Amino acid sequence: MKRLSLQTLPDLAPQVRRPAYDPRATTTGIVHLGVGAFHRAHQAVYLDDLLAGDPQWAIAGASLRRADMRDALAAQDNLFTVAVRSGEGTTLRVVGSLRAIHVAPENPEALLAAMCDPAVRIVSLTVTEKGYCHDPATGDLDPAHPDIAADLTRPRAPTSSPGLLAEALRRRREAGIVPFTVMPCDNLPENGPTVHRIVSQYAALIDGGLARFVENDVAFAGTMVDRIVPATSEADIAEVSAQLGAEDAWPVMTEPFTQWVIEDRFPTGRPDFASVGAEMVADVEPFERMKLRMLNGSHSTLAYLGYLAGYETVSQTMADAHFERLIRGLMTEEVMPTLTVPGADLGAYRDALIRRFNNPALKHRTWQIAMDGSQKLPQRLLGTVRDRLAAGAPVDRLALGVAAWMRYVTGTDEKGTAIDVRDPMADRLKAIGAAAGRDAPRLAAAYLGVEEIFGRDLAEHQGFVRPVTAALAALLDRGAAATVSDYGRVAA
Ligand code: CS2
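### Side note on the site of the ligand
1) Next: Close contacts around the ligand come from Asn-187, Asp-226, Arg-227, Ile-228, Lys-291, Leu-295, Asn-296, His-299, His-364, Ile-369, Lys-376 and Arg-380, and that covers them all.
2) Next: In this structure, Asp-226 approaches the ligand through a side-chain N or O atom, which is 2.6 Å from an oxygen atom.
3) Next: The separation between an oxygen atom of the ligand and a polar side-chain atom of Lys-291 is 2.7 Å.
4) Next: Looking at the shell around the ligand, the elements with two or more residues in it are α10 (285-308) and α15 (373-390).
5) Next: Formed jointly, the shell around the ligand draws a minimum of three residues from each of two domains, domain 1 (9-282) and domain 2 (286-489).

Take a look at the structure:
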């Protein structure tokens, strides 16, 4: 079978949508750090629509760790397929907005040169929560993070995202080139101000003048991004290639839904994002909070409980009526009362999320969402917990989600089999579990003592400690399936 490429575009199966422009005739206006599946199924698609009318906003991507994405896409002119899956079938679209991929550890100079191109007005990021090298509970840079410590020894050749942003901004300033706008697209709370603070704090460790410049003269545009994009499997690659009529080494799989809310702060220029469906707002925070608490909070709860109950995917978990009832109750009773979002119909938003989680064509593994919980819990569940506690309101279902995370990170499932826990704190979390044993009050107290996740307040608040301990006891004694059916009954 022929490989997907600019040359073979005309030979693809007729129903496949292709770029409505010549990718060779575009120029780069955006550098994107972290060209993973999410970026390719989200931002790159919006830009693919945009390039048809305005060719100056193609993307130069960068991988901050591995070369595998560059290697896979280089042989296909950086074209790739976005496969949209639902109960009605799969539709394919080839995207042409990604024009290059740099691999930071191989050649940081080439990436920095791209970031310093005067035509580049935006540097966007999807580097996952842990890619910002910060303390998840406080949102401040972690100066002891190994990547930050390494960059501080050679700040002119950095590899971390704060290090790359600061060095590129320093070089632009030195050369008299206007700064780019930084546009973080990760699921962090207040991602604009948070990343602004992290990069300023990093710069302050190098040079006070640079720190003041980052603080005062560089714009950070916060965003809320939403599209469910499970990791691509070998079976997906074979299926997409067959349907495409050409071999694509790394397509991305996603759902029909997509949303992008962007804070309109681009003093040095931006494309007309609104013309391709993004929502431009003055303040993105209420939208971010809604999405993190409703979607991602439910997702993490489903991931830990679903995994422990033996379900492989989110849609399998949701097919269990007790789980669906729990998640509906979580959103309605415990999350929605904490939200005020201008113009949003929260009930309709919740119902749409439940439909999306039920999409049977999307094989979104509970194990994948369970990754990096130490970086995710604060913004997904714990902010909601704090607001509820302050209002004197119960947090039982939120506490069950947190207890399921604790049960999961002990590293052994309900059958006694090891869990492959992926988390920057995995070793420490496992050791905490081993030391505390299966006594629920001890185990809960030990995990609640991890200050980088829970801060200091939650470990001392009986309104939280009590329901977490009760939920953990139920999970240890009766298992996840039985526990969820009990909580589901309460919700009904
Ligand atoms: C998921 C998200 O993996 C995860 O933690 O909760 O990637 C989720 O699918 C996206 O945020 C949806 O927009």
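### Some words on the environment of Leu-111
1) Next: Mapped onto the elements, Leu-111 comes out in helix α4 (residues 108-115).
2) Next: In sequence terms Leu-111 and Arg-355 are 244 residues apart; their C-alpha atoms lie 40 Å from each other.

### Observations regarding the packing of helix α16 (residues 396-409) against helix α18 (residues 440-448)
1) Next: The N-to-C vectors of α16 and α18 enclose an angle of 95°; their axes lie 11 Å apart at closest approach. Judged by the inter-axis angle, α16 sits roughly perpendicular to α18. In contact with Trp-405, Met-406 and Val-409 of α16, α18 contributes Ala-444, Tyr-447 and Leu-448.
2) Next: Of the residues in the contact of α16 with α18, the class split is 6 nonpolar, no polar and no charged.

### Examining the sheet that holds strand β7 (residues 181-184)
1) Next: An order of β5-β2-β1-β6-β7 is seen for the 5 strands of this open sheet, with the pairing classed as parallel. The two strands at the open ends of the sheet, each matched to only one other strand, are β5 (98-103) and β7. The average angle at which neighbouring strand axes cross in this sheet is 25°, direction not considered.
2) Next: In the sheet, strand β6 (residues 122-125) pairs with β7 via 4 bridges, with the strands oriented parallel. Paired with Leu-125 across the strands is Pro-184, a residue of β7.

### Details of the domain arrangement of the chain
1) Next: Here the domain parsing of the chain yields domain 1 (9-282) and domain 2 (286-489).
2) Next: Taking the mean C-alpha position of each, domain 1 and domain 2 sit 29 Å from one another.
3) Next: Each partner contributes to the interface: domain 1 provides 30 residues, whereas domain 2 provides 29 residues.
4) Next: Between domain 1 and domain 2, a total of about 2300 Å² is buried, with carbon and sulfur atoms accounting for 59% of that surface.
5) Next: In this structure, the connection of domain 1 to domain 2 is made through 4 salt bridges.

### Description of the layout of surface pockets
1) Next: Taken as a whole, the second largest pocket spans an internal volume of roughly 450 Å³.
2) Next: If you go around the second largest pocket, you meet 21 residues; those closest to its centre are Pro-189, Glu-190, Pro-378, Gln-379 and Gly-383.
3) Next: Of all the secondary-structure elements, those providing two or more residues to the lining of the second largest pocket are α7 (191-204), α10 and α15.
4) Next: If one sorts the elements of the lining of the second largest pocket by residue count, α15 sits on top with 6 residues.
5) Next: Considered class by class, the residues forming the lining of the second largest pocket number 6 nonpolar, 7 polar and 8 charged.
6) Next: Both of domain 1 (9-282) and domain 2 (286-489) provide at least three residues apiece to the lining of the second largest pocket.

### A look at the packing of aromatic side chains
1) Next: This structure, assessed with the given rule, holds 8 aromatic pairs.
2) Next: Counting every residue linked through ring pairs, the aromatic cluster contains Tyr-46, Trp-260, Phe-266 and Phe-273.
3) Next: Over the aromatic face of Phe-80 sits the side chain of Arg-40, whose NZ or CZ is 4.8 Å from the ring centroid.

Cut-offs and rules
- Residues numbered from 1 in each chain as written.
- Predicted model: local features only at pLDDT ≥ 70, side-chain atom pairs only at ≥ 80, totals over all residues.
- Heavy atoms only, no water.
- Near = heavy atom within 4 Å.
- Polar contact = N/O pair within 3.5 Å; in protein donor to acceptor, adjacent residues only side chain to side chain.
- Helix = DSSP H or I, 4+ residues; strand = E, 2+ residues; numbered from the N terminus.
- Domains from an automatic or database assignment.
- Axes fitted to C-alpha atoms, helices over the stretch in contact; angles between N-to-C directions.
- Parallel < 35°, antiparallel > 145°, perpendicular 65-115°, else oblique.
- Contact = heavy atoms within 4.5 Å.
- Nonpolar A, V, L, I, M, F, W, Y, C, P; charged D, E, K, R; others polar.
- Pairing = 2+ DSSP bridges.
- Buried area = accessible area lost by both parts, 1.4 Å probe.
- Salt bridge = Lys/Arg side-chain N within 4 Å of Asp/Glu carboxyl O.
- 1 Å grid on protein atoms, 1.4 Å probe; cavity = no way out; pocket = protein on both sides within 12 Å on 5 of 7 lines; lining within 4 Å.
- Points joined across faces, edges and corners; volume = space filled by probe spheres on them.
- Phe/Tyr/Trp six-rings, centres within 6.5 Å; stacked < 30°, edge-to-face > 60°.
- Lys NZ or Arg CZ within 6 Å of the ring centre and 35° of its normal.

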